[in-house]
Structure formats: structure tokens, C-alpha cells
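Listed here are the chains, written in short residue letters.
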Amino acid sequence: KCNLSKGARIRPGNDIDNTLDLWSRSDVQTCMPWGAPVIWEGTFDARQYDEYYRKRNVTVGLTVFAVGKYLDVFLETFLITAEWYFMIGHNVIYYVFTDQPNKVPKVPLANKRLLRIIPVSRHQRWQDVSMLRMKSISEVIDIFVSREAQYLFCMDVDQFFEGRFGVETLSDSVAQMHSWFYHRFSIFYSYDRNPKSAAYMGLGEGDLYYHAAVFGGTWQKVKHIVDSCYQGIWTDKQNNVEALWHDESHLNKYFWLHKPSKVLSPEYCWDDVLGTQKDIFISRLSWAKKQYEVVREK
Ligand code: UDP
Ligand code: MN
């Protein structure tokens, strides 16, 4: 099913085509052992993907949280750049979760795109804001997403788009390679190593270190992802433990137990601090510079 000898081209519909051709990459891992493609520049034909999903009139949801200072600092840039690069030409629904609904910037949206504001309460600790996203996303899937979109992406707000983030990313369940870890040996992955946490992973476990700033899939799969992660987070709270990297630790545990059907290369969530890398031809979504003392006030 999967070409492990590298260089497979990825196509819409069946997702893997082992014919080596102009579009393939041989310098990077393009496929996971269970058959999931890894999406890199040069492994897909954007026009073919756009045509395939245009015919199906696909609608893609995008959740983003902007609570407290994160609204002032990051939300407008996130939305403006999403209008430039995220799923251009397709139906898009933004779900903006915030504690300050009337401060959401009025970013002009293109045709076929709309934005829903979801009021949420503000938790004291930033760790809780981050972790409890899982529960709010689950509720919004029930109320809105399941009625109006086929796919859903969930993203951090402290980033901006600067290259195509298109329908080539759509699949049942989608995980993001973490840009800091993709060149490192798995012993360095920062999984949760505390046996008391539901997110615990033993040495030798895990496939990749995934970044919680981007995940997605069909709404049904995303529902399962967020419910499972929230279950782990809730169990930890009962036991008075907190996973090392909060929701990200639980997400990594989830994707170890339930393999993603597609993996996004670090192009899809790049940290410019890492500088120029010979296998990164394009940065599509980039980490915003974050002044922790400004955004994480008590
Ligand atoms: N967030 C928020 N307000 C907060 C803390 C977090 O809106 O006070 C949201 C925001 O979308 C942010 C995400 O939760 O991008 C994850 O938190 P953060 O980006 O600070 O985590 P990091 O990327 O540093 O692990
Ligand atoms: Mn972040």
C-alpha cells in the first residue's frame, strides 16, 4: 500500500500513488509505516487537489481560540493571513472561541467564507485555557460543525499563514509533525513520561512527535480526538497530575494509539527560529513571535 522506499506521489482520493514522477521527493520521508502519506512541497499537484474537492463542494471548518491577551495580539493577523492562504477557493467556516466576543476584529471575508464567534469563559491558568479547548471543540462539533462542514482543523492562534495551506491536507485524521523534532531521534521526543498521567508513553513508544498547534480530520474523527484527549485531561485532574505539555501530550498519546491517516510536514507549522533547512522549500504557517510575559499575564 505504501511506498517506503520514498518518493511516492500523493493524489486526491486514494492518497498514495507509487508511480515515481516529477512530483515526488526522495530526500524526505513521504510515507508512514502504516500507509499514511506525509505531505511535502513537491509531493502533490495542487491543481489536481483543488479540482477534486471543488467538484465535491467541500466545506472546511477551522477552530481557533483567542482568550485574554491572545485576542489583541494574534487573532487579526491569523485571520487576515488565513484569508490569503487557507483553503482558497473552497467553503470555509471559522469558529473563533473567545471571552471577548465584541472585540473580534472585523476581517473582510471572501465569498463562500464565514465566521462564527463562540463565547467561552476564561480560565485562570493558561494551561487550562489550552487544555479545555478539547471540550469546547467537542461541543461546537455537535452544535455547528456536524451540520455544516465535512472537515475540521483546530489551530493555535499564535501563528500566521504565509504559503498555501490547501485541500491537500484533508484526510480522515491529520497530525502535524513538530518542526523542532522532525530531525531528532525519538528518545528526544518530549512525550509525557510520568506513569501517573493518562498521557504517559514509555521509551520506545510513539511514531513522531506531533504538534498540537495543528490537527484535524473529518468532523467525526476530530470529535473522537478531542473527546479522547479531554477524557485523559479529566482523568489527570482527578488524579492531581498534569501532563508535561498539557493537551499536546494527550494528543501525542492519542495518535500513538490511533494512527493519523495523513501527516503534515513541518512546512505546515514552521518555526522561523530554526532558520533555513535544506528540506523545507516553503513555510506555509509560521509561529508568531510570542512575548510570554505579555500574553500570559495572571
Ligand atoms: N490560548 C488563549 N489564551 C490563553 C492561553 C492560550 O487563547 O491565555 C489559546 C491560543 O489559541 C493559543 C493556544 O491556546 O495559541 C495554545 O496556547 P499557547 O499558544 O500559549 O501554547 P504553546 O504554543 O506556547 O505551547
Ligand atoms: Mn501556540
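Residues numbered from 1 in each chain as written. Chains lettered and ligands numbered in written order. Predicted model: local features only at pLDDT ≥ 70, side-chain atom pairs only at ≥ 80, totals over all residues. Heavy atoms only, no water.

Colleague: What am I meant to see in the coordination of the manganese ion (ligand 2) here?
Modeller: Tetrahedral metal sites with four donors have an ideal angle of 109.5 degrees; octahedral sites with six donors have ideal angles of 90 or 180 degrees. The protein atoms that coordinate the manganese ion (ligand 2) are Asp156 (OD), Asp158 (OD) and Asp158 (OD), at distances of 2.1 to 2.4 Å. Just as Asp156 is buried, Asp158 falls in that class too. (Donors = N, O, S within 2.8 Å, 3.2 Å for Na, K, Ca; no water. Buried < 20%, exposed > 50% of the residue type's maximum accessible area, 1.4 Å probe, protein only.)

Colleague: Explain the site of ligand 1 to me, please; I cannot follow it from the model alone.
Modeller: Neighbouring residues of ligand 1: 13 residues in total, closest Phe65, Val67, Tyr70, Lys290 and Arg296. Within the contact set of ligand 1, an oxygen atom lies 2.6 Å away from a backbone nitrogen or oxygen of Phe65. Side-chain polar atom of Lys290 to an oxygen atom of ligand 1: 2.8 Å apart, as the coordinates give it. Counting only elements with at least two residues in the shell around ligand 1, the list comes to strand S2 (59-66) and helix H3 (126-131). (Near = heavy atom within 4 Å. Polar contact = N/O pair within 3.5 Å; in protein donor to acceptor, adjacent residues only side chain to side chain. Helix = DSSP H or I, 4+ residues; strand = E, 2+ residues; numbered from the N terminus.)

Colleague: Honestly, the confidence of the model for the chain in this entry has me stumped. Any pointers?
Modeller: Close reading of the predicted structure is inappropriate where its pLDDT is low. Scored by pLDDT, the chain has a mean of 92; 93% of the residues are at 70 or more. A low-confidence stretch, residues 1-5 stays under pLDDT 50, and its non-local contacts, those more than four residues away or across chains, total 14 contacts. (pLDDT = per-residue confidence, 0-100. Contact = heavy atoms within 4.5 Å.)

Colleague: Help me out: how do you make sense of the side chain of Lys290 in this one?
Modeller: Tracing the backbone shows Lys290 in the loop between strand S10 (285-287) and helix H7 (292-295). Here the side chain of Lys290 touches Asp158 through a polar contact of 2.7 Å, side chain to side chain. In this structure Lys290 touches Tyr70, Phe74, Asp158, Val295 and Arg296, once residues within four positions along its chain are discounted.

Colleague: What exactly am I supposed to notice about the pattern of salt bridges here?
Modeller: Pairing of side chains with opposite charge becomes possible as their charged atoms draw close. Scanning the entire structure with this criterion turns up 19 salt bridges. Taking the shortest distance from any N to any O, the salt bridge between Arg164 and Asp50 comes out at 2.9 Å. Of this pair, Arg164 sits in the loop between strand S6 (159-161) and strand S7 (173-177) while Asp50 is found in helix H1 (residues 46-55), placing the two residues 114 residues apart along the sequence. Arg164 sits in the partly exposed class, given a relative accessible area of 23%. A salt bridge links Arg125 to Asp128; the nearest nitrogen and oxygen atoms lie 3.3 Å apart. (Salt bridge = Lys/Arg side-chain N within 4 Å of Asp/Glu carboxyl O.)

Colleague: What is the right way to read the nonpolar core from this model?
Modeller: As a rule of thumb, nonpolar side chains are buried together in soluble globular proteins. Counting residues in hydrophobic clusters, the biggest one holds 46 residues, and the most contacted among them are Tyr95, Phe97, Ile137, Leu152, Phe215 and Phe255. Of all the secondary structure elements, the ones that give two or more residues to this core are strand S3 (91-98), helix H4 (133-148), strand S5 (151-155), S7, strand S8 (210-218), helix H5 (219-238) and helix H6 (247-257). For this core, the leading source of residues is H5, giving 6 residues. Setting aside residues up to four positions removed in sequence, Tyr95 forms contacts with Gly61, Leu62, Thr63, Val64, Arg116, Ile118, Val140, Phe144, Val145, Glu148 and Leu152. (Core = buried A, V, L, I, M, F, W, Y, C linked by side-chain atoms within 4.5 Å.)

Colleague: Even after reading the chapter, I still don't get the packing of H4 against H5, so can you show me in this structure?
Modeller: Axis angle and axis distance: for two packed helices, these are the angle between their axes and the distance between the axes, and together they describe the pair. Between H4 and H5, the shortest axis-to-axis distance is 8 Å and the interhelical angle comes to 155°. In terms of orientation, H4 and H5 fall into the roughly antiparallel class. Relative to H5, the crossing made by H4 is left-handed. Of H5, the residues touching H4 (which contributes Met134, Lys135, Ile137, Ser138, Ile141, Asp142, Val145 and Ser146) are Trp219, Val222, Lys223, Val226, Asp227, Cys229, Tyr230 and Ile233. Residue composition of the contact of H4 with H5, by class: 10 nonpolar, 2 polar and 4 charged. (Axes fitted to C-alpha atoms, helices over the stretch in contact; angles between N-to-C directions. Parallel < 35°, antiparallel > 145°, perpendicular 65-115°, else oblique. Left-handed = near helix turned anticlockwise from the far one by under 90°. Nonpolar A, V, L, I, M, F, W, Y, C, P; charged D, E, K, R; others polar.)

Colleague: Would you explain the pairing of S7 in this entry?
Modeller: Where a strand is regular, its side chains alternate between the two sheet faces. Judged by how many residues are buried, S7 sits mostly within the fold: 5 of 5 residues are covered. Going residue by residue along S7, you find Ser173, Ala175 and Met177 tucked away on one face and Val174 and Gln176 tucked away on the opposite face as well. For S7 and S8, the ladder comprises 4 bridges, and the chain directions are antiparallel. From the neighbouring strand, Ser173 faces S8, where its bridge partner is Gly217. (Pairing = 2+ DSSP bridges.)

Colleague: Please clarify how a nonpolar patch on the surface should be interpreted in this entry.
Modeller: Judged by side-chain polarity, Phe185, Ile187, Phe188 and Leu203 come together as a nonpolar surface patch covering roughly 520 Å² of accessible area. Within the secondary structure, Leu203 sits in the loop between S7 and S8. By relative accessible area, which is 71% here, Leu203 ends up exposed. (Patch = residues over 30% accessible without salt bridge, like charges linked within 9 Å, V, L, I, M, F, W, Y side chains within 5 Å. Areas by Shrake-Rupley, 256 points an atom, 1.4 Å probe, with all protein chains shown as cover.)

Colleague: What exactly am I supposed to notice about the packing of aromatic side chains here?
Modeller: The relation between two aromatic rings is expressed through the spacing of the ring centres and the mutual angle of the planes. Counted according to the given criterion, the structure contains 23 aromatic pairs. Pairing Tyr49 with Tyr53 gives two aromatic rings, centres 6.5 Å apart and planes at 10°, and the pair type is stacked. Highlighted residues: Tyr49 and Tyr53, both in helix H1, separated by 4 residues, approximately one helical turn. For the ring pair Phe86 and Phe165, a centre distance of 5.7 Å and an interplane angle of 45° mean the geometry is tilted. With a gap of 79 residues between them, Phe86 in the loop between helix H2 (69-85) and S3 and Phe165 in the loop between S6 and S7 connect regions that are remote in the sequence. (Phe/Tyr/Trp six-rings, centres within 6.5 Å; stacked < 30°, edge-to-face > 60°.)

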